[in-house]
Amino acid sequence: MKILVTGGMGYIGSHTCVELLAQGHEVVVLDNLSNAKPSVRQRIERIAERAVEFVQADIRDRAALRAVFAQHRIDAVIHFAGLKVVNESVSQPLAYYDNNVTGSLALFECMAEAGVKRLVFSSSASIYGDAEVVPVREDAPLSALTPYGRSKLMVEDMLRDLGRSDPAWSVALLRYFNPAGAHESGLIGEEPGGVPNNLLPYIAQVAHGQLACLNVYGGDYATPDGTGVRDYIHVVDLALGHVATLEHLAKAATPPGVRAYNLGTGRGNSVLEMVRAFEQASGRPVPYRIVARRDGDIVTSYADTTLAERELGWKAERGIAQMCADAWRWQHTPKE
Ligand code: NAD
Ligand code: UDP
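Residues numbered from 1 in each chain as written. Chains lettered and ligands numbered in written order. Predicted model: local features only at pLDDT ≥ 70, side-chain atom pairs only at ≥ 80, totals over all residues. Heavy atoms only, no water.

S.K.: When you look at the nonpolar core in this model, what are you seeing that I'm missing?
M.R.: A general tendency of soluble globular proteins is for nonpolar side chains to be buried together. The biggest cluster of nonpolar side chains holds 41 residues, and the ones touching the most others in it are Val5, Leu20, Val27, Val29, Leu263 and Trp314. Among the elements that line this core, the one with the most residues is helix α8 (residues 235-251), at 7 residues. Apart from the residues within four sequence positions on either side, Val29 is in contact with Val5, Gly8, Met9, Cys17, Val52, Glu53, Phe54 and Val55. Of all hydrophobic cores here, the second largest spans 27 residues; its members include Ala106, Val116, Leu159 and Ala260. (Core = buried A, V, L, I, M, F, W, Y, C linked by side-chain atoms within 4.5 Å. Buried < 20%, exposed > 50% of the residue type's maximum accessible area, 1.4 Å probe, protein only. Helix = DSSP H or I, 4+ residues; strand = E, 2+ residues; numbered from the N terminus. Contact = heavy atoms within 4.5 Å.)

Below, the structure is given as structure tokens:
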């Protein structure tokens, strides 16, 4: 298949391009490089030993989107492009609604015009809010706690409405839990600008000596060691989940409509378990101190992955030891 990957130069997108190319698919990346470096393209090509078509454009630019659909016979779209920093969305809600919602709307309109109705959308487990039941199933109540989460929920709603209006659409809403780690080559990974907000990049910078100490947000939660529990999923497993999803959509005899799938491991790990796993992988100490809970944090979140296993035939295989080892290798990669 020839796949248009929006946001394909970013963290999850770049790993997905590598796995798509490895499976023999062709890839056209559209990215405005607002959160990625141009050199990622060469790095993807180096790992995959294949060429990647790249268009530097914004998903809100309908003319650019139309040109891509006119130039290439696209079989499906994987839509990663968007802004993703949860606390930034609280201070800049309009930027988030514009990029994530208006941008998605422009993309879906141009897909419809071009007759391309197969889509994989990057959703997020944050739309489960503070789920009452864990492991979380796809039919759990949806609610967003931040503008970022709401932008994802709005796009999911848009796609559910679209699917109801036209049964020719095949859409998978992939709700990622906590992506972490990097490609084992050390060539691609997550590059947060400034001080990281997410746990693993923060820990990696502490182990590396760039940051002095990890602030553990809360040590008195109702969890085995008092710290928050999340479902950390290796980014390569996540990338493989996208390939499996596309293949599932493509082989369906009739368009399967709009379906949501959790992409996680089904296991939860605490902050302190992640600290210990990273210390082991890196051989370096990760000093930490317990501080106050972070506003808006939930206690425990991990996925029920039964649906993805059953319908997509996909299951995460990599554990936290490998995630930490790969993140540590990436931490040492020279970045220009
Ligand atoms: P990322 O920032 O590394 O990648 C996003 C890419 O999209 C970047 O390369 C950026 O330059 C590009 N982009 C942003 N706005 C654009 C626009 N308007 N037009 C064109 N390109 C644009 O983020 P990521 O971690 O790879 O996340 C990918 C997707 O997965 C996002 O939609 C994110 O919300 C979602 N997601 C991420 C996580 C996570 O923890 N990383 C969790 C759940 C969901
Ligand atoms: N966390 C922490 N210190 C940090 C960053 C995160 O203790 O500097 C904790 C956070 O409270 C949560 C877990 O690590 O329990 C994962 O946080 P992250 O922001 O990576 O993901 P999210 O909360 O969005 O699931």
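S.K.: Please clarify how the site of ligand 1 should be interpreted in this entry.
M.R.: Taken together, 27 residues are adjacent to ligand 1, and Ile12, Asp31, Asn35, Asn99 and Tyr148 come closest. Interatomic distance of 3.2 Å between a backbone N/O atom of Gly10 and an oxygen atom of ligand 1. One of the side-chain N or O atoms of Asp58 is found 3.1 Å from a nitrogen atom in ligand 1. The fraction of the free accessible surface of ligand 1 (820 Å²) that becomes covered by protein chains is 96%. If you tally residues by element for the shell around ligand 1, the top one is strand β5 (residues 118-124), at 3 residues. Class assignment of the residues belonging to the shell around ligand 1 gives a composition of 12 nonpolar, 10 polar and 5 charged. (Near = heavy atom within 4 Å. Polar contact = N/O pair within 3.5 Å; in protein donor to acceptor, adjacent residues only side chain to side chain. Areas by Shrake-Rupley, 256 points an atom, 1.4 Å probe, with all protein chains shown as cover. Nonpolar A, V, L, I, M, F, W, Y, C, P; charged D, E, K, R; others polar.)

S.K.: Honestly, α8 in this entry has me stumped. Any pointers?
M.R.: Counting along an α-helix, one turn takes 3.6 residues, and residues three or four places apart therefore face a common direction. The end-to-end C-alpha separation of α8 is 25 Å, in line with the 24 Å expected for 17 residues at 1.5 Å each. The element α8 is extensively covered by neighbouring structure, given that 13 of its 17 residues are classed as buried. (Expected span 1.5 Å × (residues − 1).)

S.K.: Is there a simple way to explain helix α11 (residues 320-332) in this structure?
M.R.: Here α11 is 13 residues long and its end C-alpha atoms lie 19 Å apart, about the 18 Å a rise of 1.5 Å per residue gives. Residues of α11 that are buried include every one of Ile320, Met323, Cys324, Asp326, Ala327, Trp328, Trp330 and Gln331, and no others. Close packing links the buried residues of α11 with α2 (40-48), β7 (178-180), α7 (199-208), β10 (232-234), β12 (269-270) and α9 (271-282).

S.K.: Would you mind going over the packing of aromatic side chains with me for this structure?
M.R.: The description of an aromatic ring pair uses the distance of the two centres, along with the angle that the planes make with each other. Inspection of every chain in the model, using the stated rule, returns 2 aromatic pairs. Where Phe278 meets Trp328, the ring centres are 5.9 Å apart and the plane angle is 90 degrees; that geometry is what we call edge-to-face. Note that Phe278 is positioned in helix α9 and Trp328 in helix α11, a separation of 50 residues in sequence. The class for Trp328 is buried, based on a relative accessible area of 10%. (Phe/Tyr/Trp six-rings, centres within 6.5 Å; stacked < 30°, edge-to-face > 60°.)

S.K.: Quick question: what am I supposed to make of unusual backbone geometry here?
M.R.: A negative phi angle characterises most non-glycine residues, just as the trans form characterises most peptide bonds. A cis amide bond links Val134 with the next residue in sequence, Pro135, at an omega value of -5 degrees. Although it is not a glycine, Leu33 sits at a positive phi angle of roughly 60 degrees. Here Leu33 is to be found in the loop between β2 (26-31) and α2. Taking relative accessible area as the criterion, Leu33 reaches 18% and is therefore assigned buried. The backbone of Glu49 sits at a positive phi, close to 55 degrees, despite the residue not being glycine. Inspection of the secondary structure assignment puts Glu49 in the loop between α2 and β3 (53-56). Taking the relative accessible area as the measure of exposure, Glu49 reaches 71% and is therefore exposed.

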